[in-house]
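Given next are the chains, with one letter for each unit.
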Amino acid sequence: MNNCSIPDLYDSLEHCPGKTSLPGIRPKVYYIPKRQIVEFPELPELDADGLTMGKAATLVGDFSLAADAKFRTIDALSTASNVTSASQGEKPSKSYLNSCTIKHAGTDEDATGFCRLANVDDLVYVVQQRNGKFRVIGNSMMETDTKPAQDSGMAVTDASGTTLEISVSDICPAPFYAGKLPTEDGVLDCATGKLTVDGGA
């Protein structure tokens, strides 16, 4: 007797004619060392009550951080930064490789120091799409790999900057996040994009 009972979550996948799907990400990326995360938001179980196809890709809960820990920011060149996801492995152990390229316009001491640290650390990144929705690169199960590279450029017209190639395995393409994000500037509500600073809005 088969006791598996996965509900039918499939729904029509539509795109309204005339609706623009904007590519790219917004120019502020949030990050934090994983060791400063006390509790992760998690993907729902596929047999959870009231689950829909969209909710299956959305993290439930909020990030709980260690005392005084905050998400910090990286200023990214939005026209040269992106998020990608690709299926990997074989059934029944298939997963996704979630990747993010962040281009930062700088090779100064701070950018170089970040590269030195991130190269051997396990970081979690939160990226905002142009449509305002947030996606998470990193999870509680797998280590995130950050591969920094710097280029000073040669000719006057060359670009100089730091590139971060980020990757992590996950059971879902870069999950969406609509919870609260404690940042250095205040608490960001990822459902609305509103930032609340200490003592008010």
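Residues numbered from 1 in each chain as written. Predicted model: local features only at pLDDT ≥ 70, side-chain atom pairs only at ≥ 80, totals over all residues. Heavy atoms only, no water.

**Student:** If you had to explain a nonpolar patch on the surface to someone new, which residues and values would you point to?
**Tutor:** Among the surface-exposed residues, Tyr10, Leu13 and Met53 lie close enough to one another that they form a single nonpolar patch of about 420 Å² accessible area. Mapped onto the elements, methionine 53 comes out in the loop between strand E2 (37-39) and strand E3 (64-65). On the basis of relative accessibility, which here comes to 30%, the residue methionine 53 falls in the partly exposed class. (Patch = residues over 30% accessible without salt bridge, like charges linked within 9 Å, V, L, I, M, F, W, Y side chains within 5 Å. Areas by Shrake-Rupley, 256 points an atom, 1.4 Å probe, with all protein chains shown as cover. Salt bridge = Lys/Arg side-chain N within 4 Å of Asp/Glu carboxyl O. Helix = DSSP H or I, 4+ residues; strand = E, 2+ residues; numbered from the N terminus. Buried < 20%, exposed > 50% of the residue type's maximum accessible area, 1.4 Å probe, protein only.)

**Student:** Break down the pattern of salt bridges for me, with residues and values.
**Tutor:** One pass over the structure, following the stated rule, counts five salt bridges. Residue arginine 35 pairs with aspartate 121 through a salt bridge whose shortest N-O separation is 2.8 Å. Here arginine 35, found in the loop between strand E1 (28-33) and E2, pairs with aspartate 121, found in the loop between helix H1 (109-118) and strand E7 (123-128); they are 86 residues apart in sequence, far enough to count as distant. Residue classification places arginine 35 among the exposed positions, given a relative accessible area of 61%. For arginine 72, the salt bridge goes to glutamate 184, with nearest N and O atoms at 3.7 Å. One end of the pair, arginine 72, is in strand E4 (residues 72-75); the other, glutamate 184, is in the loop between strand E12 (180-183) and strand E13 (186-189), and 112 residues separate them in sequence. By relative accessible area, arginine 72 is classed as partly exposed at 35%. For glutamate 184, a relative accessible area of 54% puts it in the exposed group.

**Student:** Describe the side chain of lysine 34, listing the residues and the values that go with them.
**Tutor:** Summarising the element assignment, lysine 34 is placed in the loop between E1 and E2. Lysine 34 gets classed as buried once you look at its relative accessible area, which sits at 14%. Of the polar contacts made by the side chain of lysine 34, one reaches the backbone oxygen of asparagine 139; its length is 2.8 Å. (Polar contact = N/O pair within 3.5 Å; in protein donor to acceptor, adjacent residues only side chain to side chain.)

**Student:** Describe the pairing of strand E6 (residues 95-104), listing the residues and the values that go with them.
**Tutor:** Of all ten residues making up E6, seven are buried, and the element is well covered by its neighbours. Taken together, strand E5 (residues 82-88) and the strand that follows it, E6, pair antiparallel across an intervening segment of six residues, in which glycine 89 is found at a positive phi of about 85 degrees. (Pairing = 2+ DSSP bridges.)

**Student:** Mind laying out the layout of surface pockets, listing which residues take part and the relevant values?
**Tutor:** In this structure, the largest pocket spans a volume of roughly 1200 Å³. Around the largest pocket sit 29 residues that line it, and Met53, Gly54, Ala56, Ala57 and Cys172 are the ones nearest its centre. Residue composition of the lining of the largest pocket, by class: 16 nonpolar, seven polar and six charged. Put simply, the second largest pocket is a space of about 470 Å³. Considering the residues around the second largest pocket, the lining is formed by 20 residues, among which Ser21, Leu22, Gln129, Asn131 and Arg135 are closest to the centre. (1 Å grid on protein atoms, 1.4 Å probe; cavity = no way out; pocket = protein on both sides within 12 Å on 5 of 7 lines; lining within 4 Å. Points joined across faces, edges and corners; volume = space filled by probe spheres on them. Nonpolar A, V, L, I, M, F, W, Y, C, P; charged D, E, K, R; others polar.)

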